[in-house]
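Chain by chain, the residues run as shown.
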Amino acid sequence: MSIETLVQEPSIPAESSPVLSSPYDPTSFDNSVMTTYGRFPLALERGSGCRVWDTEGKEYLDFVAGIATCSLGHAHPALVETVTRQIQTLHHVSNLFYIPVQGELAKWLIAYSSADRVFFCNSGAEANEGAIKLARKYAHQVLNIDEPLILTANASFHGRTLATITATGQPKYQKDFSPLVPGFHYVPYNDIKAVENAIGELDSGDRGVAAILLEPLQGEGGVRPGDVAYFKRIREICDETGILLILDEVQVGVGRTGKLWGYENLGIEPDVFTSAKGLGGGIPIGAVMCKQFCDVFKPGDHASTFGGNPFACAASLCVLQTLERDNILQNVQERGEQLRTGLKAIAAKYPHQIVEVRGWGLINGMELKADSNLTSADVVKAAIERGLLLVPAGPEVVRFVPPLIVTAQEVDTALDAVEQAIKALVS
Ligand SMILES: *Cc1c(COP(=O)(O)O)cnc(C)c1O
């Protein structure tokens, strides 16, 4: 099936939500749902391919994709067919029983990655929690470190649970939630000297560095690609010392960068890596994957009620099989090139506002000048007004993470909207 044929008119009218009984009302929404999010005044109701429609019927081109999650876009026929059939067959049991589709998904992930074993959970934060627990047990049992430390990077993002906000090297996510979880230490990203120094300084008595946890490309922290030489040296350090290299592939994994895994852009393999976001194409699923030598979990060590249920695993397997069958990684590479080329041309027209455009495949960022009076939120808002959904990655970076099935024409349409938005903001 070609990418073009997947973009269809929505076949199901909005009113057909089987459980929605009253029309959308923002006031009652805000009076009922905790205000943990700053929301755009926009209620989305249905989607198809890379397009979504709001409650007023206005159409948007979706370059957010549920934050790099809806890899196959909205209402993809293969995903619709798979989850419909799966829920009619069996959607949830318990990990106390064997779940064949979970086993098949694990087999696929192992065949197409450097990992030998998989644990399934439901989200990125939960996957990173699992990786942190694995690293701590490995430290106690194999490295004989009583007080294991995990190095993470400044400007990283690893999730919103207590351990993962602690792992996240951004104080804004930690403020007001002390006491944080002990056992983390931060270093600047892409700075090898800082890693070498930290390992030397932190090793003393019962304490030692057990793992280094990094994103191959920092997503939330501003779309900053990892440096190949930095990651190669980190791999060597881990090989020399026995420290585990954990990569957080939650945002960049599953084809987002034009390779199946982000680490393939860096010429190294991790000991442990985590996945979520794009893994289920919008159905919640997360995974912790590791090489056999560090698979220290035994029955009772870790668990999840929902993790790896038949519904989520069928969705994920469908996403992975579709990526492969439709050769979508090639589309990611080509559309990524097209998008970066177009964004760079816009950047060249606005040198006082735009610092640079960077990214891999279909995760790209446009960094605005700090002193330009233009924030990423301004650009996002102006783009939404022009029918293009975008999301910031911090106050200065506009992020572009469309579905991986985005077409050349849709990229052109998005570029047009971005240019119009910036033009209007600058004049
Ligand atoms: C989004 C994200 C997470 C957190 O995932 P959730 O599913 O929201 O818990 C963790 N790490 C990275 C790199 C992410 O982008």
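The numbers attached to residues start from 1 for each chain and follow its sequence in the written order. Side-chain atom pairs in this predicted model are given and counted only at pLDDT of 80 or more, local residue features only at pLDDT of at least 70, and totals for whole chains, interfaces and linings cover all residues. Heavy atoms throughout the structure, all of them, feed into the side-chain values; hydrogens and water do not.

## A word on the overall build of the protein
Point 1. Elements are defined by DSSP. Helices are runs of H or I of four residues or more, strands are runs of E of two residues or more, and each kind is numbered from the N terminus. For the protein, the helix and strand inventory stands at 12 helices and 17 strands.
Point 2. The C-alpha radius of gyration of the protein comes to 22 Å, within 12% of the 22 Å expected for a compact globule of 427 residues.
Point 3. When its C-alpha atoms are laid out on the principal axes, the protein stretches across 60 × 55 × 45 Å.
Point 4. Across the protein, the 35 positively charged side chains and the 50 negatively charged ones have centroids separated by 1 Å. The globule rule is 2.2 Å times the number of residues to the power 0.38, and the radius of gyration it is compared with is taken over C-alpha atoms. Charge assignment in this entry is limited to Lys and Arg as positive and Asp and Glu as negative, and neither His nor the chain termini are counted. Each charge is placed at NZ for Lys, CZ for Arg, CG for Asp and CD for Glu.

## Some words on the sheet that holds strand β16 (residues 391-392)
Point 1. Strand pairing follows a simple DSSP-based rule, namely that at least 2 bridges must link the two strands. Spatially, β13-β14-β17-β16 is the arrangement adopted by the 4 strands of the open sheet, whose pairing is antiparallel. Edge positions in the open sheet fall to β13 (354-360) and β16, since each of these has one partner strand only.
Point 2. Pairing geometry for β16 and strand β17 (residues 397-400), over 2 bridges, is antiparallel. Its bridge partner being in β17, Pro 392 is matched across the sheet by Val 398.
Point 3. Of the strands in this sheet, β13, β14 (363-368) and β17 are in contact with helix α10 (residues 328-349), which crosses β13 at around 175 degrees. Note on contacts: a residue pair qualifies if any of its non-hydrogen atoms lie within 4.5 Å across the two residues. To define axes, lines are fitted to C-alpha atoms, for helices over the stretch in contact only, and angles between the resulting N-to-C directions are given on a 0 to 180 degree scale.

## A few points about helix α9 (residues 310-325)
Point 1. One fewer than the residue count of a helix, multiplied by 1.5 Å, yields its expected span. For α9, spanning 16 residues, the distance from its first C-alpha to its last is 22 Å, which sits close to the expected 22 Å at 1.5 Å a residue.
Point 2. Buried means the residue's accessible area, taken with a 1.4 Å probe over protein chains only, is under 20% of the maximum for its type, while exposed means over 50%, and partly exposed covers the values in between. With respect to burial, α9 is a largely interior element, 12 of its 16 residues being buried.
Point 3. Buried residues belonging to α9 abut α3 (77-89), α4 (100-111) and α10.
Point 4. Just downstream of α9 lies Asn 327, where phi reads positive at about 55 degrees.

## Brief notes about the environment of Ala 424
Point 1. By the secondary structure assignment, Ala 424 is in helix α12 (residues 408-426).
Point 2. Owing to a relative accessible area of 38%, Ala 424 belongs among the partly exposed residues under this scheme.
Point 3. The spacing of Ala 424 and Val 80 is 344 residues in sequence and 39 Å in space, taken between C-alpha atoms.

## A word on the site of the ligand
Point 1. Proximity is defined per residue: if any heavy atom of the residue lies within 4 Å of a molecule or strand, that residue is considered near it. In the region of the ligand, the neighbouring residues are Ser 123, Gly 124, Ala 125, Asn 128, Phe 157, His 158, Gly 159, Glu 215, Asp 248, Val 250, Gln 251 and Lys 277.
Point 2. We call two N or O atoms a polar contact when they sit within 3.5 Å, provided that within protein one can donate a hydrogen and the other can accept it, with sequence-adjacent residues counted only if both atoms are side-chain atoms. The contact in question runs from an oxygen atom of the ligand to an N or O atom on the backbone of Ala 125, over 2.7 Å.
Point 3. The element that contributes the greatest number of residues to the shell around the ligand is helix α5 (residues 124-143), accounting for 3 residues.
Point 4. By the convention adopted, Pro, Cys, Tyr, Trp, Phe, Met, Ile, Leu, Val and Ala count as nonpolar, Lys, Arg, Asp and Glu as charged, and the other residues, Gly among them, as polar. Considering only residue class, the shell around the ligand consists of 3 nonpolar, 6 polar and 3 charged.

## Concerning the sheet that holds strand β10 (residues 244-248)
Point 1. An order of β4-β12-β11-β10-β7-β5-β6 is seen for the 7 strands of this open sheet, with the pairing classed as mixed. Two strands in the sheet have a free side with no partner beyond their single neighbour: β4 (117-121) and β6 (184-187). Along the sheet, successive strands turn relative to each other by an average axial angle of 25 degrees, direction set aside.
Point 2. Examined bridge by bridge, strand β11 (residues 272-275) and strand β12 (residues 286-290) share 4 bridges and lie antiparallel to one another. Residue Phe 273 lies in a different strand from β12, and its bridge partner there is Met 289.
Point 3. Of the strands in this sheet, β4 and β12 touch α4, which is tilted by about 125 degrees from β4.
Point 4. Along the sheet, α5 contacts β4, β5 (147-153), β6, β7 (207-214), β10, β11 and β12; its crossing angle with β11, the most-contacted strand, is approximately 165 degrees.

## Quick notes on unusual backbone geometry
Point 1. With an omega dihedral of 0 degrees, the bond running from Ser 178 to Pro 179 counts as a cis peptide bond.
Point 2. For Pro 179, the location among the structural elements is in the loop between α6 (162-167) and β6.
Point 3. Unlike most non-glycine residues, Ala 65 shows phi in positive territory, near 50 degrees.
Point 4. What makes Ala 65 buried here is its relative accessible area of 0%.

## Description of the nonpolar core
Point 1. One finds Phe 63, Ile 212 and Met 366 to be the most contacted residues of the largest nonpolar core, which totals 103 residues.
Point 2. The leading source of residues in this core is α9, at 9 residues.
Point 3. Excluding its chain neighbours within four sequence positions, the residues that come into contact with Met 366 are Leu 343, Ile 354, Glu 356, Val 357, Glu 396, Val 397, Val 398, Phe 400, Val 418 and Ile 422.
Point 4. In this structure, Phe 119, Ala 135, Ala 163 and Cys 290 belong to the second largest nonpolar core, which totals 22 residues. Put simply, buried Ala, Val, Leu, Ile, Met, Phe, Trp, Tyr and Cys residues joined by side-chain atoms within 4.5 Å make one nonpolar core.

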